[in-house]
Structure formats: structure tokens, C-alpha cells
Amino acid sequence: KAGVTQTPRYLIKTRGQQVTLSCSPISGHRSVSWYQQTPGQGLQFLFEYFSETQRNKGNFPGRFSGRQFSNSRSEMNVSTLELGDSALYLCASTGDNYGYTFGSGTRLTVV
Amino acid sequence: GIQVEQSPPDLILQEGANSTLRCNFSDSVNNLQWFHQNPWGQLINLFYIPSGTKQNGRLSATTVATERYSLLYISSSQTTDSGVYFCAVELMDSNYQLIWGAGTKLIIKP
């Protein structure tokens, strides 16, 4: 059974650019959530999607957005990148047993 | 909001030692999970344990929901156990998000 796939693994972007990250959940999982991890703030919740609907959003500015497609794959977008957006972005999928399974993450560096 | 506190923050042990990591949470929870984050950033799900006791090889976990704490036991530590261990909880009203502790950084010396 394939795990959660995140692409790309690494990204380097310049301030002011935008970026799109992708997450493919475990087959059959309909819930996808996103987390940001930084050394200073730890792991923080960004948003969660279920059947293409955003059910919850964390305390992040509007520059952070996401969506989910009918095949449950999800993307998150960050516009007008700032240096502080440099982080490890982790995606998780959740099935009926409510356990969260995470992908390997996308490490974003903003220069 | 709910507080999730992990202790100790850092732990250095010799290979073969046993250890106990603790997670305290300040409110009733619907879900509690333990994760191990390896040096490459991958979060590996160790246990989904909102209550009770589970064992998986050298690792075991116990959650006492009524007293709002969970323990992760690692026996006969190996160098590959090194990394950061996180406890994460989901509230009873199930707002579909995990709230994380700050983690315990474990270093196992050969």
C-alpha cells in the first residue's frame, strides 16, 4: 500500500515568488491536512480538507491557501513568499481509523 | 487552548538503556498519537493510542485519558532510535487538527 507522497522534496524560492506543493494521500483516505514545521514555532496546523471541502484552517495569513481535488490529492499554495516561510511542510492523510500518516515533507527555503 | 507538554526535552542515553517519555495534556482528547521524526524530517507514526496500552516490539505506550497523560517506553535502545519524539492530540470536539507537543530529542550513543 503506497504511503503519502509529497512533491517536490526540496524547493528554493526567492522572496516575493509563489510556490505550490502537492500531496497525494493513501488510497482511500479522503482527509488531507497540512502542517508547517519551523525550529522556532514547532509544528503548526495549516488546514484540513475532506472531500474537496476545507473543514478547518489554522492561524496563518491569507497568503497560504489550499485545495483538494476529486481524487483526494491536495495542493497548498503560498504567495508573495517571505523569508519566514522557510520551513518543512508536511502533509498527512487520515482514514477511518483516525490515525494520521505523514508524507516525507517538502523543505522550502526562501532566499 | 489545550496545552501539550512533553518531558524531558532532551535525553542522552547509551545503547541498550531503557527510557520513558511523557506527554501531559490539559483537556479531554479524541485522539493521541506518538511520532518519531528521523533526521530527514520524516514523521513516522508509532502509536495511535487515545487510551489503554499498546506494544510494538521494543516500544510500548500507555495513555491514561482520565488523568490526561501518555507515556512512551523504549527498551534496549538502539542508535537508530535517535531523533525527536512527538506527542500530538486531537480535541474531543474534533476540529480535524493535531496539536503538538514540543518534542523530546533523544540521542542514543553507541
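Predicted, not measured: the structure shown is a model, and the values here were computed from it. Think of each chain on its own: its residues are numbered from 1, step by step along the sequence as written. The lettering of chains begins at A and the numbering of ligands begins at 1, in the order of writing. Totals for whole chains, interfaces and linings use every residue, but because this is a predicted model, local features are given only for residues with pLDDT of at least 70 and side-chain atom pairs only at 80 or more, for both listing and counting. The side-chain figures draw on all heavy atoms in the structure; neither hydrogens nor water molecules are used.

Draft legend 1. Geometry of the overall build of chain B. Counting from the N terminus, the helices are the DSSP runs of H or I reaching at least four residues and the strands are the DSSP runs of E reaching at least two. Helices and strands together make up the secondary structure of chain B, namely 0 helices and 11 strands. The N-to-C order of helical and strand elements in chain B reads β-β-β-β-β-β-β-β-β-β-β. Taken over C-alpha atoms, the radius of gyration comes to 13 Å for chain B, in line with the 13 Å a tight globule of 110 residues would show. For chain B, the C-alpha atoms occupy an extent of roughly 45 × 25 × 20 Å along the three principal directions. Working definition: with a 1.4 Å probe on protein chains only, accessible area under 20% of the residue-type maximum means buried, over 50% means exposed, and in between means partly exposed. The buried share of chain B, taken over its 110 residues, is 48%. In this description, contact between two residues means that some pair of their heavy atoms is separated by no more than 4.5 Å. Looking at chain B alone, contacts between residues at least 24 apart form 55% of all its contacts between residues at least 6 apart. In this setup the radius of gyration rests on C-alpha atoms only. A globule is expected at 2.2 Å times the number of residues raised to 0.38.

Draft legend 2. Highlighting the overall build of chain A. Each helix and strand counted, chain A has 0 helices and 11 strands in total. Secondary structure of chain A in N-to-C order comes out as β-β-β-β-β-β-β-β-β-β-β. Its C-alpha atoms give chain A a radius of gyration of 13 Å, within 12% of the compact-globule value 13 Å for 111 residues. The proportion of buried residues among the 111 residues of chain A is 50%. Considering only contacts within chain A whose residues lie at least 6 apart along the sequence, 51% involve residues at least 24 apart. Charge-centre separation for chain A: the mean point of 11 positive side chains lies 5 Å from the mean point of 6 negative side chains. The convention is simple: Lys and Arg are positive, Asp and Glu are negative, and His and the chain ends are not counted. Here the site of a charge means NZ on Lys, CZ on Arg, CG on Asp, or CD on Glu.

Draft legend 3. Structural view of the layout of surface pockets. By volume, the largest pocket is sized at about 430 Å³. Lining residues are those with an atom within 4 Å of a point, where the points come from a 1 Å grid over the protein atoms alone and group into cavities, where a 1.4 Å probe fits but cannot get out, or pockets, open sets with protein on both sides within 12 Å along at least five of seven lines. Considering the residues around the largest pocket, the lining is formed by 22 residues, among which Gln37(A), Thr38(A), Pro39(A), Gly42(A) and Leu43(A) are closest to the centre. Secondary-structure elements contributing two or more residues to the lining of the largest pocket are strand E4 (31-38), strand E5 (42-50), strand E9 (87-94) and strand E11 (106-110) of chain A together with strand E9 (83-91) and strand E10 (99-100) of chain B. Residue composition of the lining of the largest pocket, grouped by class: 12 nonpolar, 9 polar and 1 charged. Grid points are joined across faces, edges and corners, and a volume is the space filled by probe spheres set on the points. Residues are sorted three ways: Asp, Glu, Lys and Arg are charged, Ala, Val, Leu, Ile, Met, Phe, Trp, Tyr, Cys and Pro are nonpolar, and all the rest, Gly among them, are polar.

Draft legend 4. A look at the side chain of Thr38(A). Residues and elements named next belong to chain A. Here Thr-38 is to be found in strand E4. Given the relative accessible area of 13%, Thr-38 is considered buried. If sequence neighbours within four positions are ignored, Thr-38 has contacts with Ser-86 and Ala-87.

Draft legend 5. Structural view of the packing of aromatic side chains. We call Phe, Tyr and Trp rings a pair once their centres come within 6.5 Å, taking the six-membered ring for Trp, and we label the pair stacked below 30 degrees between planes, edge-to-face above 60, and tilted otherwise. Scanning the entire structure with this criterion turns up 9 aromatic pairs over all chains. Relative to Trp100(B), the ring of Tyr35(A) lies with its centre 5.8 Å away and its plane at 80°, an arrangement referred to as edge-to-face. You can see Tyr35(A) sitting in strand E4 and its partner Trp100(B) sitting in strand E10, one on each of two chains. Residue Tyr35(A) shares its accessibility class with Trp100(B), and that shared class is buried. Taking the centre distance of 5.7 Å and the plane angle of 65° together, the rings of Phe102(A) and Trp100(B) count as edge-to-face. Placement of the pair is Phe102(A) in strand E10 (residues 100-102) and Trp100(B) in strand E10, with the two residues belonging to separate chains.

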